[in-house]
Amino acid sequence: MIFNSLLYIVWDPSIVAFKLGPLSVRWYALCWMAGLIAAYFIVKRLYKQQRIKDELFDPLFIYCFVGILAGARLGHCLFYDPQYFLSSWQHVAEIILPVRFLPEGGWRFIGYEGFASHGGTLGLMLALYLYVKKTRLNLWTVLDDIAIATPIAACFIRLGNLMNSEIIGKVTNVPWAFIFERVDHVPRHPGQLYEALAYALFFIVGLIIYRRQPQKVGTGFFFGLCLTLIFTFRFFIEYTKDIQVAFESGMPINMGQILSIPFIILGLYCMRGRKKAETHGH
């Protein structure tokens, strides 16, 4: 197949946004922080509208930050590359430490490379459970509030993946294809951009529903809506993505799709099942 590079978007940005002395700050890290900060202020506003005390909101950011990062890191290592990370104690240590142990001895600082959104979602859910136990807030209220803000955080994270030229799409000849020069020189689907735009749209949809029906907060509806929209889209957008790990090449559906199915089922249950259960309970 012959491609004309003039027809496509050549993508080769620096992964470093700026430097502070010897420290390099990457676009990926900035996008992560922008997403978490945006979610922070959105949920803070929701708490204020719902008259939840400020002191109950204060620890929420720490719980979410630790839960998402720990879950996303563990998810990548255990779901996508267990044969490496579970092959030795040094590799197990690399799950936690931002280093790579060298075969000839010693180590090299590489930062944390590899995060999985499914693991991040599980980590966030566990963190919110612990947060609710501490604050004694209603679990479904907290889940719904977080779910309203989650898509905008996911949007920024996928933009970070785009800046890293990672999670690339399959080869294509669509006119909006990207040539990721750090990967190869063929046009590919910009899967990261597809997801970022979709998550931004899901955020707007959730916000519109909330403004029209704020009484749905606490029913699990927004939590279910968030899971259903994000992971249903994630399931189908995987068909445009290249495989991330070699073992996926012989699978009818990839690991991202397999991991999305339970979240879709849970989301549908929270949107419909809990509503019916509460109706019958009253």
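Residues numbered from 1 in each chain as written. Predicted model: local features only at pLDDT ≥ 70, side-chain atom pairs only at ≥ 80, totals over all residues. Heavy atoms only, no water.

**Structural notes on the sheet that holds strand E1 (residues 9-11)**
Link 1 in the chain: Across the sheet, which stays open at both edges, the three strands sit in the order E1-E6-E7 with mixed pairing between neighbours. Among the strands making up the open sheet, the edge pair consists of E1 and strand E7 (187-188).
Link 2 in the chain: Relative to strand E6 (residues 178-180), E1 runs parallel, the two being bridged by three bridges. For Val-10, the partnering residue across the bridge sits in E6 and is Ile-179. (Pairing = 2+ DSSP bridges. Helix = DSSP H or I, 4+ residues; strand = E, 2+ residues; numbered from the N terminus.)

**Concerning empty space enclosed by the protein**
Link 1 in the chain: Counted by the stated rule, this structure contains one cavity of 30 Å³ or more.
Link 2 in the chain: Estimated volume of the largest cavity: approximately 70 Å³.
Link 3 in the chain: Secondary-structure elements contributing two or more residues to the lining of the largest cavity are helix H7 (139-163), helix H8 (191-212) and helix H9 (221-237).
Link 4 in the chain: Counting residues per element, the lining of the largest cavity draws most heavily on H9, at four residues.
Link 5 in the chain: A per-class count over the lining of the largest cavity returns eight nonpolar, one polar and no charged. (1 Å grid on protein atoms, 1.4 Å probe; cavity = no way out; pocket = protein on both sides within 12 Å on 5 of 7 lines; lining within 4 Å. Points joined across faces, edges and corners; volume = space filled by probe spheres on them. Nonpolar A, V, L, I, M, F, W, Y, C, P; charged D, E, K, R; others polar.)

**Some words on the domain arrangement of the protein chain**
Link 1 in the chain: Split into domains, the protein chain comes out as domain 1 (23-52 + 138-277) and domain 2 (53-136).
Link 2 in the chain: For domain 1 and domain 2, the distance between their C-alpha centres works out to 18 Å.
Link 3 in the chain: Opposite the 31 residues of domain 1 that make contact, domain 2 presents 23 residues.
Link 4 in the chain: Both sides together, the interface formed by domain 1 and domain 2 hides about 2,400 Å², and carbon and sulfur atoms give 79% of it.
Link 5 in the chain: Residue assignment for the side of domain 1 that touches domain 2 shows that the elements contributing at least two residues are helix H1 (27-49), H7, H9 and helix H10 (255-281). (Domains from an automatic or database assignment. Contact = heavy atoms within 4.5 Å. Buried area = accessible area lost by both parts, 1.4 Å probe.)

**Here we look at the pairing of strand E2 (residues 16-20)**
Link 1 in the chain: Both E2 and strand E3 (residues 23-26) contribute to a ladder of four bridges, which runs antiparallel. By the bridge assignment for E3, Lys-19 is matched with Ser-24.
Link 2 in the chain: What sits between the antiparallel neighbours E2 and E3 is a turn of two residues, in which Gly-21 has the positive phi angle 65°.

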